[in-house]
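Examination of the molecular architecture
Letter by letter, the chains look like this.
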Amino acid sequence: MSFQAPKGTFDWIPPRSERVLAIREALAAPARRAGYGYVETPVFEDTALFARGVGESTDIVSKEMYTFTDKGGRSITLRPEGTASVVRAVLQHGLHNGQLPVKLWYSGSQFRYERAQKGRYRHFWQVGAEALGAEDPALDAELILLAADGYAGLGLTGVRLLVNTLGCKECRPGYRAALQEFLRALDLDEATRARIEINPLRVLDDKRPEVQAQLAGAPMVVDHLCGACKAYHEEVRSLLTASGVAFTDDPRLVRGLDYYTRTTFEFVHDGLGSQSAVGGGGRYDGLSEMIGGPSLPSVGWALGVDRTLLAMEAEGLLADESAGERVQVYGVPLGEEARRRMFLLVTELRRAGLTADMSFGAKGLKGAMKGAGRSGARYALVLGERDLAAQAVQLKDLTTAEQTEVPLAEVADILKGKFS
Ligand code: ATP
Ligand code: MG
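The shown structure was predicted, so the numbers you read here are calculated from the model rather than taken from an experiment.

Cut-off values and rules
- Residues numbered from 1 in each chain as written.
- Chains lettered and ligands numbered in written order.
- Predicted model: local features only at pLDDT ≥ 70, side-chain atom pairs only at ≥ 80, totals over all residues.
- Heavy atoms only, no water.
- UniProt positions renumbered as here; feature names shortened; annotations may be inferred.
- 1 Å grid on protein atoms, 1.4 Å probe; cavity = no way out; pocket = protein on both sides within 12 Å on 5 of 7 lines; lining within 4 Å.
- Helix = DSSP H or I, 4+ residues; strand = E, 2+ residues; numbered from the N terminus.
- Buried < 20%, exposed > 50% of the residue type's maximum accessible area, 1.4 Å probe, protein only.
- Contact = heavy atoms within 4.5 Å.
- Pairing = 2+ DSSP bridges.
- Axes fitted to C-alpha atoms, helices over the stretch in contact; angles between N-to-C directions.

This next bit is on the UniProt feature "binding site: L-histidine" (unreviewed entry) in the chain. The UniProt entry lists Glu81, Gly82, Thr83, Arg112, Gln126, Glu130, Arg255, Tyr259 and Tyr260 under the feature "binding site: L-histidine" (unreviewed entry), expressed in the numbering used here. Within the annotated group just given, the residues that line the second largest pocket are Tyr259 and Tyr260. Among the secondary structure elements, Thr83 is positioned in helix α4 (residues 83-92). Of the residues examined, Thr83 reaches a relative accessible area of 9% and is grouped as buried. Ignoring sequence-local partners within four residues, the contact set of Thr83 consists of Tyr106, Glu130, Tyr284 and Leu287. Here Tyr259 is in contact with Arg52, Gly53, Val54, Arg283, Tyr284, Asp285, Gly286, Leu287 and Met290, once residues within four sequence places are set aside.

On the basis of which strands lie adjacent, the open sheet formed by 5 strands has the order β13-β12-β14-β15-β16 and mixed pairing. Two strands in the sheet have a free side with no partner beyond their single neighbour: β13 (356-358) and β16 (403-407). Going across the sheet, the axis of each strand differs from the next one's by a mean of 25°, ignoring polarity. With 3 bridges joining them, strand β12 (residues 329-333) and β13 adopt parallel strand pairing. Across the sheet, the residue bridging to Tyr330 is Asp357, located in β13. Packed onto the sheet, helix α13 (residues 336-351) meets β12, β13 and β14 (379-383) and runs at close to 165° relative to β13.

And the structure:
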């Protein structure tokens, strides 16, 4: 019997796995430069946290969660997103009692029982950032900028930013009622009709073409905003413009949770087919209260690492994938005594800050040199019995095939000089 990774999941293996590591780092780098601290929360939480914090009427909670009962009879869910956990951690540790906003970033696996397809997986990775406890258009603009800088840092040029506002407690109810009235008159299936009553904004986000076709004349939230929301949104937009970030106003962009307020945004890439969203976020002023905390107006985003890699591939940024150098130096010992000495030498090189590997298993010169070639190393160190007697080693430049003899005691310094 042989096993395969579960449906909708896959393994990252070298050399691609190196790209994924680099993407996580690059997406997080701008937030770290802006003073966001790292937070790591458990991969699973009480089911009720997500039910309340993400919302019962969302796709995530209604059909995508991995939920199970643990041996102690608790209902546990593998996290489908990061925000609810971060807010829970902030409240639990009282971080909101210190200086506000609390700025945090995270990087981790998420789990959603989705219809698996390219760019839509059951186990995927997000990098996220959240700023909690401040209502300030500059904070919304900062987060949007940090995400845009993350994509730019990877060399991506085809990421487009869509921006919208969802209004607030004052103006949203009026809009919600107008939208419901419009939606009730449409020809929709039972489940969607039910959604009109619970969470009408979510209907605007329906991806089916037959639904989208009917939404053409739907009322827009921009036409229902109160003065404060209008001013807030204008300020976010003008800060983005002043910072040189290109964006498109998308009055149809929604996040369908009731506590999402004001700024909402999404990053899309046109090289990804229907799974075009590479990241998204917005303001969620009501979330803390939904999970039993005080009022804590907050804004954040989550960027999809897997789709970002697909976007890089679509832009041809991963072309030289196989050319990667795994190590700088590769040891080729010939004989038992040489193997022992090489083991020590390779250890010395690594401790000196170089990357180094050596031939393992009883391989002859030819097999070991093949390993050196595959490792991508610039230099091979060939150590035979005669070299040992002379306390020397043959340093071979694998790009020019040029070979020089160097004293064993000096080889680490010589190699360090070559790579500095
Ligand atoms: P979609 O509309 O594509 O389902 P979403 O609104 O559910 O996306 P968010 O919850 O906002 O997505 O998550 C932020 C980002 O995480 C998305 O923009 C996307 O890049 C990524 N993402 C979400 N779900 C998946 C998934 N199942 N597989 C891979 N990446 C995902
Ligand atoms: Mg989704």
